[in-house]
Amino acid sequence: MPSRSVFIVLFSFLSLVSAHTVITYPGWRGDNLHSNGTVEETTGLGTYADGDDYLWPYGMQWMYPCGGMPTSQNRTKWPVKGGAVAFQPGWFPGHGTAFIYINLGLGTVPPNMSFVMISGIQLIGPTKDPYPGTFCLPQVPMPANVSVNVGDNATIQVIETAVHGAALYNCADITFAEPEDVPEVNASNCFNSSQITSDLIFTTTSLKEDSESPAVEMSTNRYGYLTTALAVLFGLIWL
Ligand SMILES: *[C@@H]1O[C@H](CO)[C@@H](O)[C@H](O)[C@H]1NC(C)=O
Ligand SMILES: *[C@@H]1O[C@H](CO)[C@@H](O)[C@H](O)[C@H]1NC(C)=O
Ligand SMILES: *[C@@H]1O[C@H](CO)[C@@H](O)[C@H](O)[C@H]1NC(C)=O
Ligand SMILES: *[C@@H]1O[C@H](CO)[C@@H](O)[C@H](O)[C@H]1NC(C)=O
Ligand SMILES: *[C@@H]1O[C@H](CO)[C@@H](O)[C@H](O)[C@H]1NC(C)=O
Ligand SMILES: *[C@@H]1O[C@H](CO)[C@@H](O)[C@H](O)[C@H]1NC(C)=O
Ligand SMILES: *[C@@H]1O[C@H](CO)[C@@H](O)[C@H](O)[C@H]1NC(C)=O
């Protein structure tokens with residue numbers, strides 16, 4: 001089955017807050033670039049109920065599965081055969097290099113985010129200080145052995161792990177749609193900034209062609225592909 005890659009438009013969240021990841025496409029659950037309270041107030045816990053409020057001394061994005069954000073009502077249509085995911089990875093110090101994982105949770109309020117779409121893309125940013133820039137995968141495949149129908153709800157989870165192994169979580173809620181019903185994604189909302197390079201470490205099985213999954217076809221003419229530096233010296237990056 002040929003998969004027609006029709007992509008969506010998104011908006012860019014360019015608010016200048018210094019922390020964490022921002023999912024720019026599909027739209028995230030909401031702004032979770034937020035911290036409050038102190039570690040003393042929570043006695044070392046990552047989050048702590050303070051009456052009806054919660055305190056997040058380390059920031060919300062450290063909380064599995066969706067960075068402290070509940071399921072949202074405003075879903076983005078996303079292609080049933082997989083589609084684009086774009087995000088800004090450099091909103092937190094210490095992420096000069098990072099591994100990116102993208103998972104799917106099935107249902108309106110997914111019981112888990114255990115269906116792997118992208119496993120372990122290494123990003124190499126220009127610095128370990130917060131940096132600007134967007135990274136976009138135009139055709140994130142559906143997880144192996146998962147089939148969904150038009151109209152099904154799901155959640156895309158983007159995880160970024162720092163050099164020390166701790167992970168930031170962020171989610172976008174979607175409804176699966178026919179590719180032709182999804183607004184086109186193009187270079188305006190899906191692009192790779194030149195200062196971020198990457199190295200594909202692992203892929204899910206559906207990234208490879210097999211009889212079960214559609215061949216990953218990308219409308220390459222829509223994108224100005226940037227050359228990506230793939231050679232990475234581990235000795236240099238794990239500083
Ligand atoms: C959904 O609504 C929240 C709260 O208004 C907003 O922050 C978020 O960006 C919206 N997401 C989408 C996909 O529209
Ligand atoms: C701390 O931030 C969270 C998330 O924005 C908010 O829900 C909570 O009310 C805040 N807590 C206080 C005490 O302001
Ligand atoms: C998908 O989620 C929306 C709320 O965002 C809900 O109104 C709708 O009923 C859900 N669809 C299904 C098939 O559960
Ligand atoms: C994750 O959720 C799915 C339903 O979406 C369920 O079938 C599966 O058993 C769950 N996996 C785990 C490890 O709980
Ligand atoms: C998908 O299903 C096939 C056949 O049942 C199985 O061999 C394979 O391990 C499954 N892949 C994953 C990632 O679960
Ligand atoms: C990208 O696609 C949207 C429609 O989805 C269109 O409005 C916009 O002009 C396109 N931008 C470019 C640069 O092609
Ligand atoms: C961004 O870089 C990744 C890794 O090289 C690549 O798979 C993807 O297609 C690029 N995105 C765009 C929009 O060119």
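Definitions and cut-offs
- Residues numbered from 1 in each chain as written.
- Chains lettered and ligands numbered in written order.
- Predicted model: local features only at pLDDT ≥ 70, side-chain atom pairs only at ≥ 80, totals over all residues.
- Helix = DSSP H or I, 4+ residues; strand = E, 2+ residues; numbered from the N terminus.
- Buried ≥ 20, exposed ≤ 12 C-beta atoms within 10 Å, placed from the backbone.
- Contact = placed C-beta atoms within 7 Å.
- Core = buried A, V, L, I, M, F, W, Y, C linked by C-beta atoms within 7 Å.
- Pairing = 2+ DSSP bridges.
- Axes fitted to C-alpha atoms, helices over the stretch in contact; angles between N-to-C directions.
- pLDDT = per-residue confidence, 0-100.

### Section: the overall build of the chain
The helix and strand inventory of the chain stands at one helix and 11 strands. Sorting the 239 residues of the chain into buried and exposed places 38% on the buried side. Looking at the chain alone, contacts between residues at least 24 apart form 77% of all its contacts between residues at least 6 apart.

### Focus on the nonpolar core
Formed by 39 residues in total, the largest nonpolar core has its most connected members in Ala84, Val85, Ile102, Ile156 and Val158. If we skip the residues at most four places from it in the chain, Val158 touches Thr21, Ile23, Val85, Phe87, Ile100, Ile102 and Asn170.

### A few points about unusual backbone geometry
With omega at -15 degrees, the peptide bond leading from Tyr25 into Pro26 counts as cis. Pro65 follows Tyr64 through a cis peptide bond whose omega is 0 degrees. A positive phi angle, close to 45 degrees, is found at Thr43, a residue other than glycine. The topology assignment puts Thr43 in the loop between β1 (22-25) and β2 (48-50). The backbone of Asn145 shows a phi angle near 65 degrees, a positive value even though the residue is not glycine. Assignment of secondary structure puts Asn145 in the loop between β8 (135-140) and β9 (153-161).

### Digging into the pairing of strand β5 (residues 83-88)
Counted residue by residue, β5 has six buried out of six residues, so it is predominantly covered. Of the strand pairs in this sheet, β1 and β5 are connected by three bridges, and their pairing is antiparallel. If you follow Tyr25 over to β5, its bridge partner there is Ala86. Here four bridges tie β5 to β8, and the two strands are oriented antiparallel to one another. Residue pairing for β8: Ala86 is matched across the bridge by Cys136.

### Overview of the environment of Ala144
As for its position among the elements, Ala144 is in the loop between β8 and β9. The sequence separation of Ala144 and Phe115 amounts to 29 residues, and the corresponding C-alpha distance is 7.9 Å.

### Notes on the sheet that holds β5
What the three strands build is an open sheet, ordered β1-β5-β8; its pairing is antiparallel. In this open sheet, the two edge strands, each paired with only one partner strand, are β1 and β8. Strand after strand, the sheet turns through a mean of 25 degrees between neighbouring axes, direction not considered.

### Quick look at the confidence of the model for the chain
Mean pLDDT over the chain: 75, with 70% of residues reaching 70 or higher. Per-element confidence in the chain ranges from a low mean pLDDT of 25 for helix α1 (residues 234-237) to a high of 97 for strand β4 (residues 76-79). Here residues 1-19 is a poorly scored stretch, pLDDT under 50, and it has 57 contacts once near neighbours within four places are set aside; other chains count. Confidence over residues 202-239 falls short of pLDDT 50; this stretch has 52 contacts with residues more than four positions distant or in other chains.

### Focus: the environment of Gly151
Within the secondary structure, Gly151 is located in the loop between β8 and β9. Note on Gly151: 10 C-beta atoms within 10 Å, which makes it exposed. Counting along the chain gives 26 residues from Gly151 to Ala177, while the straight-line C-alpha distance between them is 6.2 Å. Those residues in contact with Gly151, other than ones at most four positions away along the chain, are Thr175 and Phe176.

### A look at the environment of Gly44
In this structure, Gly44 sits in the loop between β1 and β2. The spatial distance from the C-alpha of Gly44 to the C-alpha of Tyr58 is 9.5 Å, given a sequence separation of 14 residues.

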